[in-house]
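For reference, the chains in residue letters:
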Amino acid sequence: MYQLDWSSIPGALPFLWQGMKISLEITLVAIAAGIFWGTILALMRLSPVRALSLLATGYVSLFRSIPLVMVLLWFFLVVPTLLRDVLGLSHATDLRLASAMVGFALFEAAYYSEIMRAGIQSVSRGQAQAALALGMRPLQAMWLVVLPQAFRNMLPLLLTQAIILFQDTSLVYVSALADFFGAAYKVGDRDGRLVEMLLFAGAVYFVICSAASFAVRRFQRRLAA
Amino acid sequence: MISIRDVHKSYGTVEVLSGCSTEVKKGEVIVVCGPSGSGKSTLIKCVNGLEPIQSGEIVVDGISVAARRTNLPKLRARVGMVFQHFDLFPHLKVIDNLTLAQRKVLGRREEEARARAFSLLDRVGLREHAHKHPGELSGGQQQRVAIARSLALDPICMLFDEPTSALDPEMINEVLDVMVALARDGMTMIVVTHEMGFARRVAHRIVFMDRGKIVEDAPTADFFAAPKTDRARQFLSKILQH
């Protein structure tokens, strides 16, 4: 019978916290950049200009049809070389974090754009019409009147997607980047306590994500009330 | 001030306006009526270019609405429009509904926009509701706010698209009162409505539409006393029956 031994956890906590900070950093940057780029994609997709709409549709279906882990790997391979060439950085500069953020942002944008598209369509046509009738230009009407309402209607879905994104950040282990999951793996591997560390990491993800989901549900009820 | 000349418009193969023409002089109040689906709403949405037209011409204050070089946003800022479902911006307070376009379209400063907004809220009797959201107001109050929102841009004329059709009966008069006062002040107005009492009281002319055509365009008294067409007679007898 395998004896569980949790003794390596307390000493590893500072290192694990460093990892958690990386996970959170990637999550926040990917949420912000993903929603920004996703909103632009949604606008392109709804645009009467056929070329823009096709481009956005192509982008979204591309990123929704390939596994995230593969996107991340490509970015680990491509982005660092690209950035070094463009910015003239030395090979010592660690760009794994930056490429992870870029990869996640581009990938998540495909999902956020679908959420924002539904959000924009959830705002009644009369709103845009009223804004235009007041002399606003189409993009002004979108930015000042339609998007704030779309964003508010979609907030629960955007937050739920953010929780999924937080879990998905664990995939950066493919670049040996020490996010929370990567850090836990490294400690477990070093101490020969992989089972315990992975159970612990799983428990932490579970607590954070279920607490966040609970908060979103409460928030949603308040919004509906 | 507004001239509509032989306007045609169709959705696909369905023609919704076929050869509409009329003139509206400065200070005139025109009521457009007719059975539903006759093209009334479409016609006034063409006046500020919310609906494009296929042929003919609409000229507002010397500017051709459908011309390619026309700056539509600039023109629309000078033509007020009030909708059937109010379409206030629900995410903004009443006061911000009134200042948004003043600031972003006319480029007025915040204090100036607020001063104009408060004076208009006084005029429609809703100053004390300035800091509420539209959802907290009754339909009649919302429509009065919507009228104030349009007036805040100091329009040269106002278009009303069935402004009381979505209201409970007891709220219709508070909105009509605001419109009557506006008409008495000399505002140029085109009003699509079924409120024949309002039409009799303030309209200078009645435009009666049926199946995309203007079938009658007459001074108010003449229209009610002796409609020239059978279609208008039928319509009047139906809606004035009760």
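Okay, so let's go over this structure. All of these numbers come straight from a predicted model, not from anything done at the bench.

Turning our eyes to something else, we now look at the environment of B:Leu100. The residue B:Leu100 is located in helix α3 (residues 94-104) in this model. Put simply, B:Leu100 and B:Glu51 are 49 residues apart on the chain and 23 Å apart in space, counted from C-alpha to C-alpha. Excluding residues within four positions of it along the chain, B:Leu100 makes contact with A:Met136, A:Leu144, A:Val145, B:Phe89, B:Leu92 and B:Val105.

Contact residues are listed per partner, giving 21 residues for chain B and 18 residues for chain A. Buried surface at the junction of chain B and chain A, summed over both partners, amounts to about 1700 Å²; 65% is from carbon and sulfur atoms. Here chain B and chain A share zero salt bridges between them. Linking chain B with chain A are four residue pairs in polar contact (both at pLDDT 80 or more), by the criterion used here. Sorting the residues of the side of chain B that touches chain A by element identifies α2 (72-76), β6 (79-82), α3 and α5 (139-151) of chain B as the ones contributing at least two each. Among the elements that line the side of chain B that touches chain A, the one with the most residues is α3(B), at three residues.

What follows deals with the pattern of salt bridges. Residues and elements named next belong to chain A. In the structure shown here, the tally under the stated rule is 21 salt bridges over all chains. Arg190 is the salt-bridge partner of Asp191, the closest N and O atoms lying 2.7 Å from each other. Look at Asp191 and you get partly exposed, because its relative accessible area is 30%. Within this structure, Asp5, Arg193 and Glu196 form a network of salt bridges that share partners.

Helix-helix packing: each pair is described by the crossing angle between the helix axes and the interaxial distance. All names here are of chain A. The N-to-C vectors of helix α6 (residues 138-168) and helix α8 (residues 194-224) enclose an angle of 175°; their axes lie 10 Å apart at closest approach. Our classification of the angle between α6 and α8 gives roughly antiparallel. Note on element contacts: α8 touches α6 through Tyr205, Ile208, Cys209, Ala212, Ser213, Val216, Phe219, Gln220 and Leu223, opposite Arg152, Leu155, Pro156, Leu159, Thr160, Ile163, Phe166 and Gln167. Here the residues of the contact of α6 with α8 sort into 12 nonpolar, four polar and one charged.

Here is what the cut-offs are and how they apply
- Residues numbered from 1 in each chain as written.
- Chains lettered and ligands numbered in written order.
- Predicted model: local features only at pLDDT ≥ 70, side-chain atom pairs only at ≥ 80, totals over all residues.
- Heavy atoms only, no water.
- Helix = DSSP H or I, 4+ residues; strand = E, 2+ residues; numbered from the N terminus.
- Contact = heavy atoms within 4.5 Å.
- Buried area = accessible area lost by both parts, 1.4 Å probe.
- Salt bridge = Lys/Arg side-chain N within 4 Å of Asp/Glu carboxyl O.
- Polar contact = N/O pair within 3.5 Å; in protein donor to acceptor, adjacent residues only side chain to side chain.
- Buried < 20%, exposed > 50% of the residue type's maximum accessible area, 1.4 Å probe, protein only.
- Axes fitted to C-alpha atoms, helices over the stretch in contact; angles between N-to-C directions.
- Parallel < 35°, antiparallel > 145°, perpendicular 65-115°, else oblique.
- Nonpolar A, V, L, I, M, F, W, Y, C, P; charged D, E, K, R; others polar.

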